[in-house]
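Descriptive analysis of the structure
Residues per chain, in single letters:
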Amino acid sequence: MSVSLLILLLMPLIHYASPVRNVSLRCLEDTNQFLSDLNAVEPKAYAVMMYDSLGKLGSNILGGNTDRLGSYTECLSAKVPSGKFQGQYCKLQVQQEGFDYSIGICVPDSCHDEDITTLAILDVFQFKTISFVSPFPSLFTLNSTVSVVSVARCAKGLFSIDAFAAICLFVSIVFIVLPITGTVYAAAVRWEVKFDESPADSLPSANYGSTSSNEKDKSESKGDIRRNHYKMNSVLPVVSDDVCYTKKTFLGALDSTLKCFSLQKNLPTIWTVKSSKGVCSALNGIRVLSLAWIISGHTSQMAAWQNLDNVLEWKARVLKNPIYVYSRSGPFYLGVDTFFLISGWLSSRSLLNLVHHSEKGITLEVTLKYLCNRLARLQPLHMYSICLLVGLYSVIPWGSVWEISKFHLDNCRRVWWSNLFLLNNFISVTESCNGWTWYLANDFQFYLTTPLVIFLYARSKCGLIILGTTLFLASFTVTALLSSLFRLPVASPSDMREMSTVMYFTEYYTKPYCRYGPFLVGVLLELFMYHQQAQILRNKVQASLGWLCAMLAMLAVVSLAYTIEDSVNSYSPAAVIYQALHRTLWAAAIGWIIFACQEGYGGLANWVLSWDIWTLLAKISYACYLVHPMLIILYNGLQETLMHYSDINMLYLFFGHCLMTFITGLALTVLVEKPFEGLKQSLTCQFHRKALL
């Protein structure tokens, strides 16, 4: 069948003739050959494979199984015997009454997105009289005809390696090569030192022990000098004094840098399971369990974005049922508020320690040091995680569900700089790079307020009370007004109308003035605990009363989310009050647990939260938080078929994601985070040394 014959077949669709002219001639020729070979008396094998890989109507449509992905791998493996073309996987976005779904279609790789869109609109793709884009039957929709084929998206060329991706790949590889180099270097230096310390005089000499005492002293003196040289500098000796100073500066810095990246230095810091002095041992358990709760929520939520074949069942079962509180990390990620509480507690403690060692109290220099320490803690691994995502996602051979990974990759190409300046909770929130890192922006913005709180604490307790009350009321008021204005959903944003869901994330969930309450609770809790020498809780009655209040508060926060009416037509005042207070109330309850454990009234909870394993996992928790959504998106994007939601499937996915997260988090902590901590300490020591000189 020739191209002219194909166009002749399209003559009944004469009012579509102009769109046909927009299709490339090569695409028309190859499509014509494919359809001819498919509709022949004896269809060719490659054409059958291409048709077999087509997405077809499945079961459980009422449960949400509307997308028809087809077989990505089978499509790409189909090749015409002449080698002229091979299969290319594309998705058609189709809109039918009551449905908006996609259909995977296999077409010649000479066709582009616009070609496929045009040919699909013309309904050119047919086997016999059966259209590739067959609509849903009238049982499921009022109109059993396809209303619109809006656009086609082909997988070919979606993930190209541009200059930005190449730079990110290079940075990602560098931080694998550097630890290997540092490890080999440290091992070589240690071996050389041991070799120099070996008893060379134990071998028989020419004089059979008749070496003069003078020569022996000289020999020992040279050996001592050389051994001390290697131990202190681990660089080759130099000659001239002027050159020596220059070379020692450069080679010494190189030596220090390589050792900072060595596994011999970094791994022992991870394996040490002793808690820091003065830090509540239960804090590590709370941090790790909160992280696991967040991973559980993301496992379920990210799968529901695009990967479930029964997403409507998932919404009906999970979003409105308090039994599944683990599946959303609370009504909506209360584990994040626990992180804010811990961050506030640690920020207050960090600044108080700096002030304690400062002769002048809290000064501009102390404040800048405090903020620089926080930036040095957050940003190296944060920015490396962006490079890792861009580099990794650019080279991964994605499956038929590539949209989410493509979305995050494009966002990082466009607005990575907002993460650098920690403004990604205000700039392009709905299309941000590594969207989960809005937390880091909030965290640092909260850190900016801690010096003011500590300053008032040192000057006037009354001023601190006034400031704390003002900040709490301001946060509560702004949150309540936004909730009332946009009618923000309470328990499950994704289950609500689209506009309110967008407003929930852009105007409330990511904004520091709405999320400040838990952080301030942490700051004030540490201020209360820092200078307390005597036991505050006197007896078990006081402790039991505190535990009862904390448990009731946590129960109320969770249960009320599923009982308060927050529909668009009847948004109750209770929903406004709940939205304003519930996160701070949750943080206060967790704060009590920390306080009670520190006071010795933690009981079984303190015993569990103080297990040594939590200390190990807490040290890698920051890397785990950054990397776990990347791994979940990676897993989901590599799927060729949709997943079926069930409790057991999600449980296995959760454990798998946790395992991979902890392994990857350990690697990132050792390869990136700890080396940068060592470099910061080295630079700080050099700075103090120069200041003394």
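Refer to the structure above for everything that follows.
Everything quoted here is computed from the prediction, not taken from an experiment.

Focus on the packing of helix 17 (residues 450-459) against helix 18 (residues 461-486)
Axis separation between helix 17 and helix 18 bottoms out at 6 Å; the angle between their running directions is 145°. Here Leu452, Val453, Leu456, Tyr457 and Arg459 of helix 17 come into contact with helix 18, specifically with Lys461, Gly463, Leu464 and Leu467. Its residues assigned to classes, the contact of helix 17 with helix 18 comprises six nonpolar, one polar and two charged.

Side note on the pattern of salt bridges
Throughout the structure, instances matching the rule amount to 17 salt bridges. Glu29 is the partner of Lys84 in a salt bridge, and the nearest nitrogen-oxygen pair spans 3.8 Å. Of the two residues, Lys84 is situated in the loop between helix 5 (72-77) and strand 1 (87-96) and Glu29 in helix 3 (residues 25-38); the sequence distance between them amounts to 55 residues. Across the pair Arg583 and Asp337 runs a salt bridge whose closest N-O atoms are separated by 2.6 Å. Residue Arg583 is located in helix 22 (residues 573-599), and its partner Asp337 is located in helix 13 (residues 329-356); the two are separated by 246 residues in the primary sequence. Asp337 matches Arg583 in its accessibility class, with the two residues each being buried.

A closer look at the packing of aromatic side chains
Enumeration according to the criterion identifies 43 aromatic pairs in this entry. Measuring from ring centre to ring centre gives 5.9 Å for Tyr447 and Phe519, while their planes differ by 50°; the resulting arrangement is tilted. With Tyr447 in helix 16 (residues 438-447) and Phe519 in helix 20 (residues 512-530), the pair connects residues that are 72 residues apart, well separated along the chain. Assigned by exposure class, Tyr447 and Phe519 land together as buried. Summarising the aromatic geometry, the rings of Tyr504 and Tyr508 are spaced 5.1 Å apart at their centres and angled 70° between planes, so their arrangement reads as edge-to-face. You can see Tyr504 and its partner Tyr508 sitting in helix 19 (residues 498-509), four residues apart, about one turn around the helix. Sitting over the ring of Trp402, Lys91 keeps its end group 5.2 Å from the ring centre. Over the aromatic face of Tyr457 sits the side chain of Lys461, whose NZ or CZ is 4.7 Å from the ring centroid.

As for helix 3
End to end, helix 3 covers 20 Å across 14 residues, agreeing with the expected 20 Å (1.5 Å per residue, within 8%). Buried residues of helix 3: Cys27, Leu28, Asp30, Thr31, Asn32, Phe34, Leu35, Asp37 and Leu38, and no others.

Focus on the state of the cysteines
Scanning the entire structure with this criterion turns up four disulfides. Between the sulfur atoms of Cys27 and its disulfide mate Cys111 the distance is 1.9 Å. Handedness of the Cys27-Cys111 disulfide follows from its S-S torsion of about 95°: it is right-handed. A residue pair is termed long-range when its members are at least 10 positions apart, and Cys27 in helix 3 and Cys111 in the loop between strand 2 (99-108) and helix 6 (113-121) qualify at 84 residues. Of the two residues, Cys27 and Cys111, both sit in the buried class. The side chain of Cys412 participates in a disulfide bridge whose partner is Cys433; the two sulfur atoms lie 2.1 Å from each other. Here the S-S torsion is close to 85°, and the disulfide linking Cys412 with Cys433 is therefore right-handed. Of this pair, Cys412 sits in helix 15 (residues 403-420) while Cys433 sits in the loop between helix 15 and helix 16, and the two are 21 residues apart along the sequence. Its relative accessible area of 0% is what places Cys433 among the buried residues.

Overview of unusual backbone geometry
Most peptide bonds are trans, and most residues other than glycine sit at a negative phi. Despite not being glycine, Lys128 has its phi angle at roughly 60°, a positive value. Its place among the elements puts Lys128 in the loop between strand 3 (126-127) and strand 4 (130-131). Even without glycine at this site, Ser428 takes up a positive phi of about 50°. Position of Ser428 among the secondary structure elements: in the loop between helix 15 and helix 16.

Here we look at the environment of Lys44
Relative to the elements of secondary structure, Lys44 occurs in the loop between helix 3 and helix 4 (45-52). With relative accessibility at 41%, the residue Lys44 sits in the partly exposed group. Spatially, the C-alpha atoms of Lys44 and Phe34 are 9.1 Å apart, while their sequence positions differ by 10 residues.

Thoughts on the packing of helix 20 against helix 22
Where helix 20 meets helix 22, the axes come as close as 8 Å, and the angle between the chain directions of the two elements is 25°. With respect to helix 22, the axis of helix 20 lies roughly parallel. Here helix 20 runs over helix 22; the crossing is right-handed. Packed against helix 20, whose contacting residues are Arg515, Gly517, Pro518, Val521, Leu525, Phe528 and Met529, the element helix 22 presents Arg583, Thr584, Ala587, Ala588, Gly591, Ile594, Phe595 and Gln598 at the interface. Taken together, the residues of the contact of helix 20 with helix 22 sort by class into nine nonpolar, four polar and two charged.

Here's the deal with the nonpolar core
Phe34, Ile116 and Phe132 are the most contacted members of the largest nonpolar core, which totals 181 residues. For this core, the element with the highest residue contribution is helix 22, accounting for 14 residues. Setting aside residues up to four positions removed in sequence, Phe132 forms contacts with Phe34, Leu35, Leu38, Tyr51, Leu54, Ile103, Ile105, Phe125, Gln126 and Phe127. The next biggest cluster of nonpolar side chains, apart from the first, holds 12 residues, and it includes Ala304, Val311, Trp314 and Leu319.

About the thresholds
Residues numbered from 1 in each chain as written. Predicted model: local features only at pLDDT ≥ 70, side-chain atom pairs only at ≥ 80, totals over all residues. Heavy atoms only, no water. Axes fitted to C-alpha atoms, helices over the stretch in contact; angles between N-to-C directions. Helix = DSSP H or I, 4+ residues; strand = E, 2+ residues; numbered from the N terminus. Contact = heavy atoms within 4.5 Å. Nonpolar A, V, L, I, M, F, W, Y, C, P; charged D, E, K, R; others polar. Salt bridge = Lys/Arg side-chain N within 4 Å of Asp/Glu carboxyl O. Buried < 20%, exposed > 50% of the residue type's maximum accessible area, 1.4 Å probe, protein only. Phe/Tyr/Trp six-rings, centres within 6.5 Å; stacked < 30°, edge-to-face > 60°. Lys NZ or Arg CZ within 6 Å of the ring centre and 35° of its normal. Expected span 1.5 Å × (residues − 1). Disulfide = S-S within 2.5 Å. Parallel < 35°, antiparallel > 145°, perpendicular 65-115°, else oblique. Left-handed = near helix turned anticlockwise from the far one by under 90°. Core = buried A, V, L, I, M, F, W, Y, C linked by side-chain atoms within 4.5 Å.

Everything listed is a geometric property; what it means functionally is a separate question.
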